[in-house]
Amino acid sequence: MKSLKQTYLQEGYLHIPNFFDFDLINSLLFDSKSIFLNIFLSKKYTGIRDVKELNENEFNKLLYKLFSDDVSLVSNCGKQIQHLISLHKLSLNDKIIELIKEMGIQKPNISTRPVLFFNHPKLAKEKFYYKVDAHQDWRSMQGSLNSIVIWVPLTDINKDLGALEIIPRSHMRGLITDHFQSGFGMVNPNSYNFNEFKTIEVKLGDILIFSSFLIHQSGENITDRPRWSCHFRYNDLYDHTFIERGYPHSYIYKPIEELITPNFPDKNDIINTFKHD
Ligand SMILES: O=C(O)CCC(=O)C(=O)O
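This structure is a prediction, so every number in the text was calculated from the model and none was measured.

Asks: Even after reading the chapter, I still don't get the packing of aromatic side chains, so can you show me in this structure?
Replies: A full pass over the atoms with the stated rule returns 10 aromatic pairs. Between F118 and W228, the ring centres sit 5.2 Å apart and the planes meet at 25 degrees, which makes this aromatic pair stacked. Of the two residues, F118 is situated in strand 2 (residues 108–119) and W228 in strand 11 (residues 227–236); the sequence distance between them amounts to 110 residues. Residue classification places F118 among the buried residues on the basis of a relative accessible area of 13%. By relative accessible area, W228 is classed as buried at 3%. By way of ring pairs, the aromatic residues F36, F40, F59, F118 and W228 are connected into one cluster. A cation over a ring is seen here: K95 above F19, with NZ or CZ 4.4 Å from the ring centre. Across from the ring centre of Y253, 3.8 Å away, lies the NZ or CZ of R113, which sits over that ring.

In structure tokens form, the structure reads like this:
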């Protein structure tokens, strides 16, 4: 019988059911939604006074309305979600680090900061923002050759909700991207057949782990619900090719220069913030 590592090395991916406690994942989903809930409450136009009044369907409707009213506000909330402590903590979870070590990453290091997606056609101005076609993550990461991606569903995700689609063993085809699109290294459609894709339906608590060279794409979300998932990427600091290439890093992170809210803060805002007895 093959070990998990042998299966991973051969197939280029593993779907591991029941990896995380439901509570851990549910609390990350709740933290993410709370950012929008804070806005719903502060905006008042939604008419809700208490988040407990909202069921999932009502939450989604408000989210879609917020997107059509104010895209940049949804985008700002999305950015705050990317900085949730619960998201970053999950990416550093001991079980994940142990698992990726078991798969051969000797000295794991973060490749890019964790990302959390909430994908739906009604939350995107362009298709690309809710469905990414066939790509290989290594092209954007450019780290160690054994770099690994962990894909974590925050709810059950079936085909209708846009479950991830992968081509088993495609990591062995090498780097076959031919252009870059919005941060993803896209694979030329001539280098695979559409019928090679396998849909990986996952349940809350499961994880999907794959080589950064595995060809994968988003499924089509044909439901009226956003697809919530988060994705983590890791390099191996002991990979000799990574060391020999001088540890290249391909991401840019910098502050914008202008004052986002003109004339804010004034001195009184600061005094109020530090008011004490
Ligand atoms: O989750 C998706 O549907 C696409 C995202 C993805 O493939 C990635 O982050 O590499």
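Back to the write-up after that little detour.
Asks: Could you clarify how one ought to interpret the pairing of strand 9 (residues 207–211) in this entry?
Replies: For a regular strand, side-chain orientation follows a simple rule: the groups alternate between the two sheet faces. Burial analysis of strand 9 places five of its five residues in the buried class, which makes it a mostly covered element. Burial along strand 9 is two-sided: I207, I209 and S211 facing one way and L208 and F210 facing the other are all buried. With four bridges connecting them, strand 1 (residues 13–16) and strand 9 associate as antiparallel partners. Residue pairing across strands places L14 opposite I209, the latter belonging to strand 9. One ladder, built from four bridges, connects strand 4 (residues 148–153) with strand 9; its direction is antiparallel. When the sheet's bridge partners are listed, I148 is paired in strand 9 with S211.

Asks: I'm lost on unusual backbone geometry in this one. Help?
Replies: Outside of glycine, negative phi angles account for most residues, and trans bonds account for most peptide bonds. In this model, F264 is joined to P265 through a cis peptide bond whose omega is 0 degrees. The residue P265 is located in the loop between helix 8 (240–244) and helix 9 (267–273) in this model.

Asks: Explanation requested: helix 2 (residues 22–43) in the structure shown.
Replies: Because each turn of an α-helix spans 3.6 residues, side chains separated by three or four positions in sequence point in the same direction. Taking 1.5 Å of rise per residue, the 22 residues of helix 2 would be expected to cover 32 Å, and the 31 Å separating its terminal C-alpha atoms lies within 8% of that figure. Of all the bends in helix 2, the greatest, near 30 degrees, is centred on S34. Among all positions in helix 2, only I25, L28, L29, S32, K33, S34, I35, F36, L37, I39 and F40 are buried. Next to the buried residues of helix 2 lie helix 3 (56–69), helix 4 (71–82), helix 5 (85–91), strand 2, strand 4 and strand 11.

About the cut-offs
Residues numbered from 1 in each chain as written. Predicted model: local features only at pLDDT ≥ 70, side-chain atom pairs only at ≥ 80, totals over all residues. Heavy atoms only, no water. Phe/Tyr/Trp six-rings, centres within 6.5 Å; stacked < 30°, edge-to-face > 60°. Helix = DSSP H or I, 4+ residues; strand = E, 2+ residues; numbered from the N terminus. Buried < 20%, exposed > 50% of the residue type's maximum accessible area, 1.4 Å probe, protein only. Lys NZ or Arg CZ within 6 Å of the ring centre and 35° of its normal. Pairing = 2+ DSSP bridges. Expected span 1.5 Å × (residues − 1). Bend = angle between axes of the 7 residues up to and from the residue. Contact = heavy atoms within 4.5 Å.

Distances and angles like these do not, on their own, reveal function.
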